[in-house]
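# Results of the structural survey
So you can see what is in the structure, the chains are spelled out below.
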Amino acid sequence: MQLLLRLSGLIDALNERLGKIADWMVLLSCLVSAGNAMLRYGFSISSNAWLEIQWYMFGVMFMLGASYTLARNEHVRVDIVYGNVSERTQLWIDLLGGILFLLPATIIIGWLSWPVFHNSYLINEGSSNAGGLLRWPIKFFLPLGFALLTLQGISEIIKRTAALRGEYKLASKYEKPLQ
Amino acid sequence: MMIPLAWMAPLMFGGLIVFMLIGYPVSFSLAAVGLFFGFIGIESGFFNFALLQALPERVFGIMANDLLLAIPFFTFMGTILERCGLAEDLLDAMGQLFGPVRGGLAYAVIMVGAVLGAITGTVAASVIAMGLISLPIMMRYGYDMKLATGVIAASGTITQLIPPSLVLVVLADQLGRSVGDLYAGAIGPSIIQVVLFCLYILGVSFVKPDWVPALPKEFRTITGWPLVAKCLWGMVPSLILIFLVLGTILMGLATPTEGGAMGAVGAMALAAMHRRLTWPLLRQGMESTMRISSMVIFILIGSTVFSLVFRGVDGDLWIEHMLTALPGGVVGFLIFVNIFVFFLAFFLDFFEIAFIIIPLLAPAAAHIGIDLVWFGVLLCVNMQTSFMHPPFGFALFYLRGIAPPNVKSSDIYWGAFPWVFLQLLMALIVILWPELVTSWIDKDVTIDPSKIQIQIQNPDDDSGTSDQDDPDALQRQMQDSAPTQPAR
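Residues numbered from 1 in each chain as written. Chains lettered and ligands numbered in written order. Predicted model: local features only at pLDDT ≥ 70, side-chain atom pairs only at ≥ 80, totals over all residues. Heavy atoms only, no water.

With that settled, the discussion passes to the overall build of chain B. Assigned secondary structure in chain B consists of 22 helices and zero strands. Within chain B, residue pairs in contact and separated by at least 24 positions form 79% of the contacts whose partners lie at least 6 positions apart. (Helix = DSSP H or I, 4+ residues; strand = E, 2+ residues; numbered from the N terminus. Contact = heavy atoms within 4.5 Å.)

Shown next, in the form of structure tokens:
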């Protein structure tokens, strides 16, 4: 179990790092988009590459950020049942949900998205817009993001199992996100 | 295992409810239901594996959808503004200005709620700010506890409806209408809503004057010009920011996404003006924005998996048949849908309703000739109530969280009732008076409500608005102009 918890710690650390990158994408994409708008309407300058980089950053943001959000237990739930059961039952829900819901979904979608990236890479796919960016680098984030989510899912399962055996104390408790 | 095709959709819908009720994160539960029934569908031969292979392209389409970029931008703008003390300044100034009038503090809360609603767009931020600042003052000067908590919670929720609101952006995306149209359509109802709230306070101040006492003159710490200056200092930059975002979008100068980005940059400038733009503030803003956006986008990814398979088993047709068979035509449909959404909102939050339920309702609505902009604004008005009704209403939770301990929970709950009623009245007004929404949209698509049944989809609906460079928007327009032909 200790070995597994070490693995889980490594995964958490990795995804926290990547989460930091995702944080930056918020600010950068925002500045790029505002800059694009001002240049276009102020000086009639417009560049497809810069228009595309803003949604590239958006894609990177949520594909890298989702696993850290999972680690922080901030994916929203319907909590009419979940909020009214014991902590132990919550751990069981998370454990079984992780095995039956999350892992199959991330593994299947991740596996399906690999060829999408790979084909794009093989033909060196570019943008359909003049002066646009290469497509395959952003498509790489599809399989990458789902692989990271799979890893984080495994880490969460390890932590829940350890917590159920009384060998680990979960840091994050679920709270409905503010809106 | 053979299941007849006709059973698949109802089973899948039931599966959705069961999977979500378990309480595992919605995004992954949705994807799991989708894939689970996807494999049953393949086993039963309703479609082949190629259907599921379309999934990664769908996810990629979400990435490349420019409009969805507005989600992090608007969230970022809101998180910066809610942390930079703007709400506090505004409430203080407006409270001083209106305080000595009977019911004045309540009017101040409604006004500030409207302004905050326009610029931050988060219910939590408005309710918390107003609960922390105005509630203690109202209590000290003898406002009725139920009225005080009710007006704060209700004014906090106006946020949802007042453009430029993120809720409307997401609804526009799901309904396949332009954001500009939804913004324009929501202006009328927003104004009426604020007026309704103020009228209620006015009524109370005549019937029960001791509920909303005027504050003594000594309450004002500043008077005359300094007070006016303080109000202006609080208001004007915010109004400029609203114009920057809303005006440029409505005039077609900027896409909603760019409007959101400029709003976020403007919010940083505003925070800097108030000398509150700090590095920790920016970092926190980035972090919470990233997590909220990832969460929201993954609900969308999950619901994409679900709806791909759901359409594969003709679930969309099943829902459409069921809804269009309702008695009472357009009004019957709207009343049913509103009651349905009203009750769903007890359990689901806005994004879940928008991504899961709206795509199921929209084709049926379009099919019987309902203007989707009107429909969207109506749903938005309706969903406001979900923040207000006990025991799950979020606005009430937030208020409970920050209210002084001598405020009873029952005061908060009972205090909400008149306001929920006012919001439902608002929904009724929107149903009975469609021009309130439609007449604000481009004149050439104004709809005569008496002819609403034979309304023709105008393919130029979105012309002159901001979505032209978005291929998805074009594609959606094409799908919309043939509403009876569900897209596979």
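Now, onward.
The secondary structure content of chain A amounts to five helices and zero strands. Element order for chain A, N to C, with α for helix and β for strand: α-α-α-α-α. Projected onto the principal axes, the alpha-carbon positions of chain A cover approximately 60 × 40 × 30 Å. Burial analysis of chain A (179 residues in total) assigns 52% to the buried set. Considering only intrachain contacts with a sequence separation of at least 6, the fraction spanning at least 24 residues in chain A is 76%. (Buried < 20%, exposed > 50% of the residue type's maximum accessible area, 1.4 Å probe, protein only.)

Helical geometry: 3.6 residues make up each α-helical turn, so side chains three or four residues apart lie on a common side. If you check helix 7 (residues 104-119) of chain B, its first and last C-alpha atoms are 23 Å apart, about what 16 residues at 1.5 Å a residue would give, namely 22 Å. The element helix 7 of chain B is extensively covered by neighbouring structure, given that 15 of its 16 residues are classed as buried. (Expected span 1.5 Å × (residues − 1).)

Once that is clear, we can look at unusual backbone geometry. The peptide bond linking Pro163(B) to Pro164(B) adopts the cis configuration, its omega dihedral lying at 0 degrees. With respect to the secondary-structure elements, Pro164(B) resides in the loop between helix 9 (145-157) and helix 10 (166-175). Non-glycine residue Asn73(A) carries a positive phi angle of around 60 degrees. Along the chain, Asn73(A) turns up in the loop between helix 2 (48-71) and helix 3 (79-82). Phi is positive for Asn124(A), which is not a glycine, with a value near 50 degrees. Within the element layout of this structure, Asn124(A) appears in the loop between helix 4 (87-122) and helix 5 (136-164). On the basis of relative accessibility, which here comes to 45%, the residue Asn124(A) falls in the partly exposed class.

Attention now goes to the interface of chain B and chain A. If you look at the interface, chain B gives 72 residues, while chain A gives 62 residues. Counting each side, the surface lost to burial between chain B and chain A is near 6000 Å², with a carbon and sulfur contribution of 76%. Where chain B meets chain A, there are three salt bridges. Here chain B is connected to chain A by five residue pairs in polar contact (both at pLDDT 80 or more). Top element by residues in the side of chain B that touches chain A is helix 14 (residues 279-312) of chain B. It accounts for 17 residues. Tallied by class, the residues present in the side of chain B that touches chain A amount to 53 nonpolar, 10 polar and nine charged. (Buried area = accessible area lost by both parts, 1.4 Å probe. Salt bridge = Lys/Arg side-chain N within 4 Å of Asp/Glu carboxyl O. Polar contact = N/O pair within 3.5 Å; in protein donor to acceptor, adjacent residues only side chain to side chain. Nonpolar A, V, L, I, M, F, W, Y, C, P; charged D, E, K, R; others polar.)

All names here are of chain B. Packing of helix 10 against helix 18 (residues 372-384) brings their axes to within 10 Å, and their N-to-C directions diverge by 140 degrees. Judged by the inter-axis angle, helix 10 sits oblique to helix 18. For the crossing formed where helix 10 meets helix 18, the hand is right-handed. Mapping the contact onto sequence places Val167, Leu168, Leu171 and Leu175 in helix 10 and Leu372, Phe375, Gly376, Cys380 and Met383 in helix 18. (Axes fitted to C-alpha atoms, helices over the stretch in contact; angles between N-to-C directions. Parallel < 35°, antiparallel > 145°, perpendicular 65-115°, else oblique. Left-handed = near helix turned anticlockwise from the far one by under 90°.)

Next up on the list: the packing of aromatic side chains. Residue and element names in this part refer to chain B. In this structure the tally under the stated criterion is 25 aromatic pairs over all chains. Here Tyr200 and Trp419 contribute two aromatic rings whose centre-to-centre distance is 5.0 Å and whose plane-to-plane angle is 75 degrees, an arrangement assigned as edge-to-face. Of the two residues, Tyr200 is situated in helix 11 (residues 179-207) and Trp419 in helix 20 (residues 409-432); the sequence distance between them amounts to 219 residues. Since its relative accessible area comes to 24%, Tyr200 is described here as partly exposed. (Phe/Tyr/Trp six-rings, centres within 6.5 Å; stacked < 30°, edge-to-face > 60°.)

Residue and element names in this part refer to chain B. Counted at 1.5 Å a residue, the expected span for helix 6 (residues 86-98) with its 13 residues is 18 Å, and the 18 Å between its end C-alpha atoms agrees. Taken residue by residue, helix 6 has Leu86, Ala87, Leu90, Leu91, Ala93, Met94, Gly95 and Gln96 as its buried positions. Structurally, helix 6 contributes buried residues whose contacts are with helix 5 (70-83), helix 7, helix 8 (123-140), helix 12 (224-250) and helix 13 (256-273).

This part is about a nonpolar patch on the surface. All names here are of chain B. A surface patch of nonpolar side chains, about 710 Å² in accessible area, is lined by Ile191, Val195, Leu199, Leu202, Phe206, Val207 and Trp440. In this fold, Val207 is placed in helix 11. On the basis of relative accessibility, which here comes to 65%, the residue Val207 falls in the exposed class. (Patch = residues over 30% accessible without salt bridge, like charges linked within 9 Å, V, L, I, M, F, W, Y side chains within 5 Å. Areas by Shrake-Rupley, 256 points an atom, 1.4 Å probe, with all protein chains shown as cover.)

Quick look at the nonpolar core now. All names here are of chain B. Among the nonpolar cores identified, the biggest contains 227 residues, and Phe76, Phe333 and Phe375 are the most heavily contacted of them. No other element matches the 16 residues that helix 14 contributes to this core. Not counting the four nearest positions on each side in its chain, Phe375 is found in contact with Leu175, Phe333, Leu334, Val337, Leu361, Ala365 and Ile370. (Core = buried A, V, L, I, M, F, W, Y, C linked by side-chain atoms within 4.5 Å.)

Let's shift gears to the environment of Ala264(B). Relative to the elements of secondary structure, Ala264(B) occurs in helix 13. Taking relative accessible area as the criterion, Ala264(B) reaches 0% and is therefore assigned buried. Sequence separation of Ala264(B) and Gln193(B) is 71 residues, and the distance between their C-alpha atoms is 27 Å. Here Ala264(B) is in contact with Cys30(A), Phe73(B), Phe76(B), Met77(B) and Ile80(B), once residues within four sequence places are set aside.

The next subject is the pattern of salt bridges. A full pass over the atoms with the stated rule returns 17 salt bridges over all chains. The closest approach of N and O atoms between Glu258(B) and Arg40(A), which form a salt bridge, is 2.5 Å. Within this pair, whereas Glu258(B) is found in helix 13, its partner Arg40(A) is found in helix 1 (residues 2-43), the two belonging to separate chains. Linking Glu167(A) and Arg165(A) is a salt bridge whose minimum nitrogen-to-oxygen distance equals 3.0 Å. You can call Glu167(A) partly exposed: its relative accessible area is 33%.

This paragraph deals with the environment of Phe306(B). Position of Phe306(B) relative to the elements: it lies in helix 14. Excluding its chain neighbours within four sequence positions, the residues that come into contact with Phe306(B) are Met12(B), Leu16(B), Leu30(B), Val33(B) and Gly34(B).

Under the defined criterion, the tally for this structure stands at zero disulfides over all chains. Left without a disulfide partner, Cys198(B) is nearest to the cysteine sulfur of Cys231(B), which lies 16 Å away. (Disulfide = S-S within 2.5 Å.)

Considering the arrangement of structural elements, one finds Ser8(A) in helix 1. Among all residues touching Ser8(A), those that are not within four sequence positions of it are Ser155(A), Ile158(A) and Lys159(A).

Along the chain, Asp23(A) falls in helix 1. Residues within four places of Asp23(A) in sequence aside, it is in contact with Arg283(B), Met286(B), Glu287(B) and Met290(B).

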